[in-house]
Each structure stands twice: as C-alpha cells, then as structure tokens.
Amino acid sequence: MAEQGGLEVSGLVAGYERLEVLHGIDVAAQPGRLVAVIGANGAGKSTLLRTVSGLLRPQAGTVRLAGVDVTKFSAERIANRGLAHVPENRLVFPSLSVLDNLLLGGWTKQRDGRFAQRRDEVFEMFPQLADRAALAAGALSGGEQQMLAIGRALMSDPSVMVLDEPSLGLAPRVVGEIVSVLARLRDDRGLALLLVEQNVRAAFSIADHVLVMDRGRVVAEGTPAELADDERVRAAYLGAGAGPARPASTSQNRTTKEDQ
Amino acid sequence: MGTRLRTYAPFALLAAVLVAFPMVASTSMVNIGVYALIFGLAAIGLSLLMGLAGQVSLGHAAFFAVGAYTHAILITRHDVPGLVSTVVAVLAAMLVAFLVGMPLLRLRGHFLALATLGLGIIVSVVVRELEITGRTSGIFGIPKPEINNRVYDTPQEFFWLLAPVVLIGLVLARNLVRSRTGRALGAVNDSEVAAECLGVNTFALRLRVFVLAGGYAGLAGVFYAYWLAVVSPEASGFLLSVKFLLMVVLGGLGTVWGAITGAVAVQAIDESMRTLMPVLIPGASGEVQLIGFGVVLVLLVILLPGGLAQLWTMVTARLRGSGGKARASGEVPTVAVAAEHTARLDAAAGGAALEDVLAEAELPERGTVVLRVSNLTKRYGGVVAVDGVDFEVLAGEILALIGPNGAGKTTCFNMISGVLGPTAGSVEVLGTRVEGKQPHVVAELGATRTFQNLQVFGSSTVLGNVKVGRHLRSRSGLLRGMLSMAGGEERQIERTSLATVAALGLESETDRPVKDLPFGRQRQVEVARALALAPTILLLDEPMAGLSGAERAALGDLLHRTREAGVAVVLVEHDVDAVMALADRVAVLDDGRLIALGDPDQVRQDPAVIAAYLGTDEQADRLVRSAAHDHATGEVS
Amino acid sequence: MTDLLQLVFSGLAHGAVYGLVALGFVAVFSVREIVNLAQGEYAALAGLSAISAVAMGVPLLMAAVLVVPMVVLVAVILERLCIAPVKRMTPLVSIILTLGISTALKALMLLIWGPQARGLPAFPGSDLLVAGVSIRSQELWILGIAAVVGAAVIWFYENTLHGKALRACAEQPVAARLVGISPRTATMVAFAIAGFAGAVAGVAGSPIYFSSWEHGLALGLKGFVAATLGGLTSLRVAMFGGIMLGILENLVAGYIDTGFRDAVAFFVLLLVLLVRPQGLVLRAPVVRV
C-alpha cells in the first residue's frame, strides 16, 4: 500500500558505530496526515529521522518515499526527491541572511524559477521573517530561527516533511504558532508530516496518529484519543512511577554530533 | 608469574633477533639496520606523542638535530667525555621541547601540527646560519663511541651498542602506555574536558609527553652523530620529520611496537627507492625516495589506517579462524588477567565497597557549607546566560537545579566546575575561591561532575573509564610508570574501580568498550567515574536521561547512599517528579536568574515557579488548542 | 627612507603571492576543516609546468594561462583519489594525508624537473623608477593579478548562490546536506578554487621568486600563517595577512639578515599565539557539555 507522495518506513534498524539504536521501526505518513513520534531522551527519535532523511545509513529495513525505495540514497538525493528535514536545534546557516537561508533552501529547485513565489509564501506564513529578511540568521531569536528552519525546508516544495523537536526551548505562544503552521501545511498543502516531539501536549494537539518510542522500539501507537490515558505513554516518557504528565518544555539539547 | 612472562616474551624475542641479526646479515644490511634503530628510537617518542597524546609533530627532526648538534659541538670543540655529552645533548633536546611546548601546546590539531612544522623550519634555518653549527657544511670529526677501550666503529659493533638502548626505550614506552599516566593521556585524547574534571592536569601531561618525545629524538640524534661522524643541516631537514611520521603511521598509531616495525619498513622503502628510482628513471637524483614516502602515507590512510599493527591483528585473527573483526587500536588489558579475577572476587565479597571508596574523601561534617556560589554571572556579548545567582550547598544534601531550557543550568555547572570562567561573581569550594580556575584544580579540591552531552573516554572500556576517575587517588608519575614500579597502586586502583562499577550495576559490562553501550549505560559509566574519585561535591548533569524506570530507581538509591556518606550532590534534571522525590532542596532557574530555592514542597507551591516553569495544565492546554483552533476557524471563514 | 620604501614595495608583491596561497588554505579549510599541506605544491607545479611549456615554444602568456586549469585539474583529481575515499577525517588524519600528497608531489616534481630552481621569463612590460624606488614590471603584474583573483574569489564566496552553498557547507554541514547540497561537490569545488589560487600564485611569482620542487613547503607554510591570521576562515584577512607577512619578511631580510627571512613566518605565528593564547580559530569548534 505504497502511497503516492507519502513516507513509508518498515523494519528500520540503525545506529552509530557499533551501537544499535533502532531495533526495527515501522512508521508511515500519508499525504495530508501528521504522524507524531514521542518518547524520552535517548529513545531513538532523532536517529529515526536522521535515518529516514539519509544522514545515517540503515543497517536493515527500507525507507520508501512516494513509492520509491530510497533506503540507499544519500541525504542530498533524498532531499531532491521531495523530503525536507527540519533538523533538531534548527541548524540555520548563521552568518548568511534570512533571505540567503531561504535561497539555499530552494537549492534543489534552483532552476524552476519559482523562488520568488515560494519566498512570498514563506513570508506570508511567517511575517516576522519578512521583516528580518536581510538580517543574519544567527541574530534571530530561537522561535524565529525555528520558523526560518521550517521556511527553508518549504523552499524545496517538499511532499514529505520530517521535523525534529520544533518546540525545543520555545515559549508556549511560539509553540502554538508553529503547531498552527504545521496544521496548515497538512490541511492546505496535503503534506505528509512526521513530527518528533518531547512536548507531548503539543504533539497530541495536532497529530492524526501517534507512536510512542522507548529505547529503539515502538511500544505503543494509536490516535491521540486512544493514547491519552495510556500507561505506556507515561512510562515511556516520564519513567515508571512518575506523576501526571507535565511535559511542557522539558527537553534539553542533546549532542547532534555529525558523522561526515 | 605466567602473565609477566607473556608480557615480556615479545621483548625477549626482539632481543634475540637483535643479537643474532648482525651475525647473520651482510654488512650493508646491518648498516641499514643501524639506521632503522636510530630513527626507530626517535619514532618511539613520536609514537607516544601521536598515538597516546593524539598530538602530531611535523617538525620532530628539530629535536633530533638539537641532540645531534649539541653532542657534536661538545665532543669536538670541548672534548667532553662521550657519556656526559650524550646526557647533556638529550637534556638540551628536552629543554628545547619544554620551551617550545609551553606556548605551542596550547594549540590543537592543525595549529599544533603547522606550528611544529614551522619549528622544524626555523631550526634548519638556524643551523644553516650560525657559526657554531658550522653553517651549511656542518660539524665534522665526531669520534666513534669508545667504552672500556672498545671502539664501536663497525656496523656490527655499533648495532650491538645501539640495540639494548632501543630495547630499553621500547620497554619504557610500553610501560608508560599502560601506567596511570598513559591512561590519563588516553583519556585526554578522548575527552579533554572530562579528563580535566576528573583532576587530570591536561596541559602539564601533554607537555611532559612532548618533552619525553623530544628526549627520545635527542638521544637518536646523538647516535646519529656518532655513527655518521658528521652532523649536517640534513639532520634537521623536513625529509627526516616526514620519515619519522611515516614510521609511526606505517607501524600503527597507538602501539609503541609500531615505531620499530615502522622504522624497519621505512628504512627498507628508503633504500630500495634509492636504488630503484635511478634505474627506472635515468638521471633521477636527489631525495627520490620521497615519492615512496608520499605514496605510502596516502595509501596507508586510505587503505590501512591502523598500519602494520592493524595488518598483524587482521592476519592473526584470520589464522586463529575466529573471523572476528580486528580491532585497529583496541585497549590493551591494563593489568594481568589473574590479578583481575582475584580483585573482582574481593570487590564482590565486600558489599559496602562504595561507602569505602567514598570514605576516602575525608568528608566534612554534614551540614557544613562545601560549595558557595555568589553573584555568579555569565554574559555572552549582550546575552546574559546566568544572572547573579547565589546559593550554597551543604555536605550530605542533594540539591536539584531545575528550570526550562536555556535557563542557565548547565552554564552554572560549567562555571562551578571550571569549564567556563564566569563574567562576574565567585565560586567557593570548601572555602577556596575557584572561579576561573582550570577544572583539574576544582577536582583536586573534591568537586567533580558528569556531562549532559556524554563525555565518555570512547577508546576505552567501562573499567578503563572508571580507572581514570581514580587519577587523583593515586600518585605514580611518568617515571614510575615507565619503570613499571606502581604494581601495588595499580591493584588498588583496580579494586576500587571494580567496586564502583559494581555499585552502578555495571559488572556485566566491565570489559566492554564503552562506545558499545546504550546512551543510558554510558551515562551510568560517567557517574561511576565521578564517584570513583571519592568527591566531596558531586555535580550531575541530567543523570537520569535515557534511563529506564528501574534504572532511575536504582540511581536514586545510589544517590541516597552517596548523600548518606556525607557527599554533597548537585543535580540538574528535567524529570520534575523524580527531582522532587529525590532532592532535599530545589533551586529553580529561569532566564539565568534564581527564582526560587527551598524544599520541594515550598518550590512546588511557589507562584513564581508555577508561572515561569511548571505552569498549570489548563494554561498550556488552552494555548496550544487555541492556536490550532484559531487557525482552523480562520480557514473555514 | 628610499630603502624602506623599496623593501616595503617589493615585500608587497611577495606578500601578494602569499596572500593567494592563503586564499587556497581558507577555501579548503572553510568547507572541510582540512589544512591542505599540498597547497604550496600547486604553486610550484604551476611554475615549473609553465617553464617547460615556454621551453617547448608556447608563448609566455599563453603558457601562463594554460597551466592554471591544468593545476586545477590536478588538485581536483587528487582530491577525488586521496581525500574523498577517507571516511573519518580527523585533524590528525587530514594532516598525514595531505602531507603524503604534498611529499609525493614534491618527489614527482624532483623526478621531472630535477633539483635546480628556475624562473619563468618576466611578463611583458618595463621596469619603473618612482621616487628612487625601483619597481619591476613583474611586481606590478603580481599585484594586479592578485587583486583581480582575490576579488573574484571573495565575490564568488559572498555573492553567488554556489559560493553561499559552500559557506553553508562550512557552517552547518548537516543542514547543507538536508537542503540537497552535496558535500562531495562542495569539497571538489573548494579544492578547485585552492588549486586555482595556488596555480596563479605560482605562475605570477615564478619570474621573480623562481620555482623548484621544494619551493612549495616554505610557500605553503607562509600561506598558512597568513590564513591563520584570519582564523582560517576569512578570505579578506588571509589576503591582507599574506601581504603583511611579505613586507615583514622583506624588512627582516633587509635590516637584519637575509638568512632569517624564512624564520619570520614562524615568529609571527608564535607572536599571534602569545597574544591570543586561546587559539586563532574564530569559528571555534563548539564543545557543548
């Protein structure tokens, strides 16, 4: 049931050096759907996204993008095929201006002549960025950098977007703003979205489907309503014996050491 | 002692080969052998520097030249006895290494490499320019060594004079690798900041190895001068530096044996290129062997980064039929296997071992202020990361530091542990001001830490990591390490390290490479490593992250035991409920400011804390929902 | 006073050559964090090749122009063959590797051209005498070429999409890959630029400073020192640093002793270290703990 334009991951095994982090993950995001992955630090959520977008080579399993097997593709080729990855910690190009960041976001589409149109769409979505177009991206606030990272990803006109903790370290108001943009991308543009979050509340508020990961495995999945009172959600996220969920802004930056 | 036999058997074998070689080989072969030993001696030092300390020297010939020239000058111009001039020459090379190392070793990686390359060039400029070094023609007429009226002037004789020196040099270097100092150097190479926070004075250690490597090169230079009877600027040349580097890389980084095998191999390449190239390309002259060096270097890096040592492990693994993956530069087991077993049994027998380890700290009375932070401030440009924070920590309590992302918790830790210097304010550990001091100074006073972004010593095992934690609780230095005279201390380190490993429930992982463990287990290794130091103040940065429920509970128990022993524990943690259950007092940071400090119940009720951090569930819900809702309705209309 | 002016002016031209070599260091380092020790070899190779071309009857300026793309090609091929296959590029590995490349190139040049140094004929033009300072036309050529090439490289990095993509690779290699910029291509382009800058330096400088198989080492080290002044990431400072170094060397050679000329760069390096002991990298490796 390979969906046109969707993302389908099956049996994914991946890790770093001799350390296996993912032990067989299945997840699918169809166009117009938002799938959220939640789980504690070290559950393997970022590793999942890094493997999906080709930054890490999986040891086993397949990744299909719009029905095409891209498992062995490099990150650049996968980007070319319409998958945009909004990385953890935003990773904007700090010394380049906001506009240049967007320009490079459209790298894979540099010849289709629609840069201006897409840029205007991004500015319409995030008016704050328009005001700061000439500013170096490193000078933006955390929330603005997150918007820029999403905007940069949109410049390649992707069919699938994966996001790694876009709420990280942001004020609730900004989180709300970003959540509403994600909802819009799903509903208006029909993007397939795969969202990794530690902010369970934000994730539950928009997801069509939620996966709970714990130490490299999917331990529960279902609709937010089905999972809302699931003991496993709390166990995986908060540790056994923890009290009621209190997840807002509880994540902290982790190493994202890059293998080159 | 079967293990001792096994350890020294390869050296005995080498000794036998060295004795026999001049008797069976032709004179020209022995001649090549003499050069291999001379250069090999310098390569041993460079191997320590590169393999152990992870520092590259592209100008190693500089120290070689200092040794050679000093010896030549003393013996030809001042008639100094050979032995004396040898000693003085080696000391001179070490002195130069010390003087140059002081500023240069502040550099890392590329900068250090290029600076040493520059040093090499400057030395060759100097020897070409100075009258005392004989300018371009050099110094002639150095007599052959003479001991008890026996003149070592034939290749055979000289080989036999040189061989024991090289053998001893090799044994000393190998002992050093396995000593306390070697362990600390390996740790510095893996994570300098973690080694510092465990009390390793990284700069001093690097400098010592640099000076030692200079000494090896200086001694090699002396033998070179003796053998050639002439010292010319060639002894300081870039070619020679490349040769030393190639010997180390070809032999295999991280093994001192590699220096010798590499030296023999490079000398062989050198000789064969010199005879072969003019045949292949008529009219070729000059240093044509360079092409061999360059090509071999490139091929090595691409095809065989572990050098001949890697080839050896691959071949022996194949022969044994184990078929397992050869480890390029695996950690050598540090202490004899037999001793390990007994120690392990001891550790298992004594149940209260952790308390024994912690008791080493001479902990102050409970309730004494052990850490005082006043007006601690850190600014980056216009951004204030930590803004005038004050708090005290008492012996025998657990203080938790919580707050949202970017509140400045880790920055506080960094300033307390000496990783960062504060912009303003003070940090007092047991009454001593430590702000702006190096982390090892703070560790010496009894405060150590773990890291939010893991800083394990990746090239080592779990036990190897924990042993570095014992650095401050043991004393043997470079010399004792080289002479392998710290056996008793090593056994003590082994015992306490195993006890600490057991306290964290890591027994089954003791000898596993730490890199093979899941992140949560690696975090526990960091805690074990910090506890092994027997700290007075233990700073833990998110120790619970990545741990399962059961592991969290076990860690909680461990921290209670640590507190009961009288240690002050400060922890940064995100799991608020775990923190509230564990901590005696809780400090809340928001936007760099301390907004609350008190017992868990007080803090939980504090309106400022609720507003800034905890929030109410309804508030957060409303925000997110309304944002999504606003948008949805906007679209409909 | 005339002496001083004379020394400063001829140092200016010499320094412009260092500046070009320094550009090559920055071009590679800012994209891949590799200090390319073969950088000076590009210059020696270009100079010697041009000399041979002229000896074979190729007109001087045509030889000078033809040699540059050839060296660029060599730089790119060496990158493909030697740098690209390496998976774990630590500073130690990159130094050993580029040292190997540099050594092999040196030896190759020694085999082909022999040990003696020689110079390309000077480019057309007549020497001048201005206010007692004699100015060789080749020095003007060097300054002109360095200005044009330097400006072009800087313009490329700062104003073109592809130049910005290279900078993006340097700043956030992962994010660059995620937007589809290939690090392989970026590295290749960086080495091409390095080869270009080195080759231009070699050809323009050859008539005055000569070319030889071992010339590249000293030239490379000085280029590195100049590049270091700009933290190995600033093209402008690297160019400027090269010029300052050239002038300083000339002053030392003129007022102290010619023999110590080659030691100046190292002293500058040490001096900078003492002033900024925390190191010279502006874009310091971020260690978050």
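Each value, and the rule that gives it
Residues numbered from 1 in each chain as written. Chains lettered and ligands numbered in written order. Predicted model: local features only at pLDDT ≥ 70, side-chain atom pairs only at ≥ 80, totals over all residues. Helix = DSSP H or I, 4+ residues; strand = E, 2+ residues; numbered from the N terminus. Buried ≥ 20, exposed ≤ 12 C-beta atoms within 10 Å, placed from the backbone. Contact = placed C-beta atoms within 7 Å. Pairing = 2+ DSSP bridges. Axes fitted to C-alpha atoms, helices over the stretch in contact; angles between N-to-C directions. pLDDT = per-residue confidence, 0-100. Nonpolar A, V, L, I, M, F, W, Y, C, P; charged D, E, K, R; others polar. Parallel < 35°, antiparallel > 145°, perpendicular 65-115°, else oblique. Left-handed = near helix turned anticlockwise from the far one by under 90°.

Caption draft 1: Seen up close, the overall build of chain C. Helices and strands together make up the secondary structure of chain C, namely 11 helices and 2 strands. Overall, chain C shows an N-to-C arrangement of helices and strands of α-α-α-α-β-β-α-α-α-α-α-α-α. Taken over the C-alpha atoms alone, chain C extends approximately 60 × 45 × 35 Å along its principal axes. Residues classed as buried in chain C amount to 56% of the 289 residues present. Across chain C, the fraction of contacts at a sequence separation of at least 24, relative to all contacts at a separation of at least 6, is 77%.

Caption draft 2: Structural view of the overall build of chain B. A tally of helices and strands in chain B yields 26 helices and 12 strands. Within chain B, counting contacts between residues at least 6 apart in sequence, those at least 24 apart form 74% of the total.

Caption draft 3: The arrangement of the sheet that holds strand β9 (residues 537-541) of chain B in detail. Residues and elements named next belong to chain B. Ordered by their spatial adjacency, 6 strands build an open sheet running β8-β9-β10-β5-β11-β12, and the pairing between neighbours is mixed. The open sheet is flanked by β8 (447-449) and β12 (593-598), the only strands paired with a single partner. Recorded for the sheet is a direction-independent mean angle of 15° between the axes of neighbouring strands. Where strand β5 (residues 398-402) meets strand β11 (residues 585-590), 4 bridges bridge the pair, whose relative direction is parallel. Across the sheet, the residue bridging to Leu 401 is Ala 587, located in β11. Running at roughly 145° to β9, helix α16 (residues 409-417) makes contact with β5, β8, β9, β10 (568-572) and β11 of the sheet. Across the sheet, helix α22 (residues 549-564) touches β5, β9 and β10, and the angle it forms with β10 is around 145°.

Caption draft 4: Structural context of the confidence of the model for chain B. All names here are of chain B. Residues at a pLDDT of 70 or more form 89% of chain B, whose mean pLDDT is 85. Ranking the helices and strands of chain B by mean pLDDT puts helix α3 (residues 61-77) first, with 96, and helix α26 (residues 617-636) last, with 45. Low pLDDT (under 50) marks residues 615-637, which in the prediction has 31 contacts with non-local residues, meaning those over four places away or in another chain.

Caption draft 5: Inspection of the interface of chain B and chain C at higher detail. Listed as interface residues are 47 residues of chain B and, on the opposing side, 40 residues of chain C. Mapped by element, the contributors of at least two residues to the side of chain B that touches chain C are α5 (109-129), α10 (238-251) and α12 (290-303) of chain B. When residues of the side of chain B that touches chain C are assigned to their parent elements, the largest contribution, 14 residues, is made by α5 of chain B. Of the residues in the side of chain B that touches chain C, the class split is 31 nonpolar, 11 polar and 5 charged.

Caption draft 6: Unusual backbone geometry, seen in detail. Positioned with a positive phi, Asp 157 of chain A is a non-glycine residue whose angle comes to about 50°. Despite not being glycine, Ala 534 of chain B shows a phi value in the positive range, around 55°. Inspection of the secondary structure puts Ala 534 of chain B in the loop between α21 (519-532) and β9. What makes Ala 534 of chain B buried here is the crowd of 26 C-beta atoms within 10 Å.

Caption draft 7: The arrangement of the packing of helix α20 (residues 487-503) of chain B against α21 of chain B in detail. Residues and elements named next belong to chain B. Axis separation between α20 and α21 bottoms out at 9 Å; the angle between their running directions is 135°. One finds that α20 runs oblique with respect to α21. For α20 against α21, the interelement crossing comes out right-handed. Listed contacts from α21 to Thr 496, Ser 497, Thr 500, Val 501 and Ala 503 of α20 are Ala 528, Leu 531 and Ala 532. Along the lines of polarity and charge, the residues of the contact of α20 with α21 split into 5 nonpolar, 3 polar and no charged.

Caption draft 8: Representation of the pairing of strand β3 (residues 34-38) of chain A in the model. Residues and elements named next belong to chain A. Most of β3 is tucked away, with 5 of its 5 residues classed as buried. Here β3 shows a buried face lined by Leu 34, Ala 36 and Ile 38 and a second buried face lined by Val 35 and Val 37. The pairing of β3 with strand β8 (residues 192-197) spans 5 bridges and is parallel. Looking at the pairing, Val 35 lines up with Leu 194 of β8.

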